Amino acid sequence: MLPVSLIFTSGAASGVNCYAAVLVLGLLGRFGHIAAIPQVLERPQVLAAAAVLYFGQFVVGKIPMLDSVWDVVHTALRPVVGGAVGVVVAQQAHASSAAVIAAAALGGGSALAAHVVKSGVRVGVNASPEPFSNIVASLLEDAGVVGLVSFAVFHPIPAAIIAAVALAVGVVVFALLASRMRRAWRRRREARLQGSSGGLMTGVPAPQR
């Protein structure tokens, strides 16, 4: 049977932090002996690579400009990792070829959706002039991914529900932030236009009597 809940949740987590998702799955499989976790994720070279890359994202995620660039670079990578995790999890469950393709689409699709929401929300957070909000947001993302993936391994259906609700809340927050940013840009543009028109008016000579 295809473990849909685990694939969806691991995909959504990969959309936020693919390296943390792979690292947590691999560690739980290696030391917790969880049958649902593919052995390929437990290999030392996979764990080492995921750990190094996760450390890099942990540092970059606390620096606003670098975090935004990092998200742009990972627009294609996170869905690929989410889809790949879905494939190996489906193969571990001895799913059919059609089910494996569906698992790739589910994992990649949920990763892409989570990545879009995560990146959009962080654009608004990173625009804040103070440095603390983006640090808190990054720490919450890391903790959320680790906790959700760990929970999904033992309780896949409740974890999938939590992931779906979190994704829906993220969409609402992203929409609110986008609306606020559009209004701020509109006011700034109007202020510039008024300032430029006022400057032109001051250069007009007074009429002769």
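Residues numbered from 1 in each chain as written. Predicted model: local features only at pLDDT ≥ 70, side-chain atom pairs only at ≥ 80, totals over all residues. Heavy atoms only, no water.

> Describe the pattern of salt bridges, and please don't skip the residues or the numbers.
Applying the stated rule across the entire model yields seven salt bridges. For K62, the salt bridge goes to D142, with nearest N and O atoms at 3.6 Å. Here K62, found in the loop between α2 (44-60) and α3 (64-73), pairs with D142, found in helix α6 (residues 132-154); they are 80 residues apart in sequence, far enough to count as distant. Neither K62 nor D142 differs from the other in exposure class; each is buried. Here D71 makes a salt bridge to K118, at a shortest N to O gap of 2.7 Å. Remark: K118 occurs in helix α5 (residues 97-126) and D71 occurs in helix α3; sequence separation between them is 47 residues. Overlapping salt bridges, with partners in common, bring together D67, D71, R78, K118, R122 and E141 in one network. (Salt bridge = Lys/Arg side-chain N within 4 Å of Asp/Glu carboxyl O. Helix = DSSP H or I, 4+ residues; strand = E, 2+ residues; numbered from the N terminus. Buried < 20%, exposed > 50% of the residue type's maximum accessible area, 1.4 Å probe, protein only.)

> Hey, could you go over the packing of α2 against α3 for me, with residue numbers and the actual values?
For the pair α2 and α3, interaxial distance at closest approach is 8 Å and the crossing angle is 135°. Taken as axis vectors, α2 and α3 run oblique relative to one another. Every residue of α3 that contacts α2 at L53, G56, Q57 and V60 is listed here: L66, D67 and W70. (Axes fitted to C-alpha atoms, helices over the stretch in contact; angles between N-to-C directions. Parallel < 35°, antiparallel > 145°, perpendicular 65-115°, else oblique. Contact = heavy atoms within 4.5 Å.)

> Talk me through the packing of aromatic side chains; I want residue IDs and the actual numbers.
Across all of its chains, the model carries one aromatic pair by this definition. Ring centres of Y54 and F58 lie 6.2 Å apart, and the angle between their planes is 55°; this geometry places the pair in the tilted category. One end of the pair, Y54, and the other, F58, are both in helix α2, four residues apart, so they sit about a helical turn from each other. Taking relative accessible area as the criterion, F58 reaches 32% and is therefore assigned partly exposed. A cation over an aromatic ring shows up here: K62 above the ring of F58, its NZ or CZ 3.6 Å from the ring centre. (Phe/Tyr/Trp six-rings, centres within 6.5 Å; stacked < 30°, edge-to-face > 60°. Lys NZ or Arg CZ within 6 Å of the ring centre and 35° of its normal.)

> Please provide a residue-by-residue account of the nonpolar core, values included.
Membership of the largest hydrophobic core comes to 43 residues, with the highest contact counts inside it found for V22, L25, I37, V85, V145, V149 and V153. For this core, the elements supplying multiple residues, two or more each, are α1 (4-32), α2, α4 (77-92), α5, α6 and α7 (156-202). The residues contacting V22, other than those within four sequence positions of it, are L41, V46, A50, V81 and V85. (Core = buried A, V, L, I, M, F, W, Y, C linked by side-chain atoms within 4.5 Å.)

> Tell me about α6, and name the residues and values.
Relative to the 33 Å expected for 23 residues at 1.5 Å per residue, α6 spans 34 Å between its end C-alpha atoms, a close match to the ideal helical length. Along α6, the positions that sit buried rather than exposed are N134, A137, S138, E141, D142, V145, L148, V149, A152 and V153. (Expected span 1.5 Å × (residues − 1).)

> Could you give an account of a nonpolar patch on the surface, naming the residues involved and the relevant values?
Where nonpolar side chains cluster on the molecular surface, the patch consists of F55, F58, V59, I63, L66, I135 and L139 and spans about 580 Å² of accessible area. For the nonpolar patch, the elements supplying multiple residues, two or more each, are α2 and α6. Tracing the sequence through the fold places I135 in helix α6. Of the residues examined, I135 reaches a relative accessible area of 30% and is grouped as partly exposed. (Patch = residues over 30% accessible without salt bridge, like charges linked within 9 Å, V, L, I, M, F, W, Y side chains within 5 Å. Areas by Shrake-Rupley, 256 points an atom, 1.4 Å probe, with all protein chains shown as cover.)

> Can you break down unusual backbone geometry residue by residue, with the values?
Of note in this structure, H33 is not a glycine but carries a positive phi near 55°. Locating H33 in the fold gives a position in the loop between α1 and α2. The class of H33 is exposed, set by a relative accessible area of 66%. A positive phi is found at H94, a non-glycine position, where the angle reads about 60°. Locating H94 in the fold gives a position in the loop between α4 and α5.

> How would you explain a positive patch on the surface if you had to name every residue and give the values?
Together, R180, R182, R183, R186, R187, R188, R189 and R192 line one region of the surface with positive charge. Position of R189 among the secondary structure elements: in helix α7. Residue classification places R189 among the partly exposed positions, given a relative accessible area of 44%. (Lys, Arg positive; Asp, Glu negative; His and termini not counted. Charge placed at Lys NZ, Arg CZ, Asp CG, Glu CD.)

That's the geometry; what it means functionally is another story.
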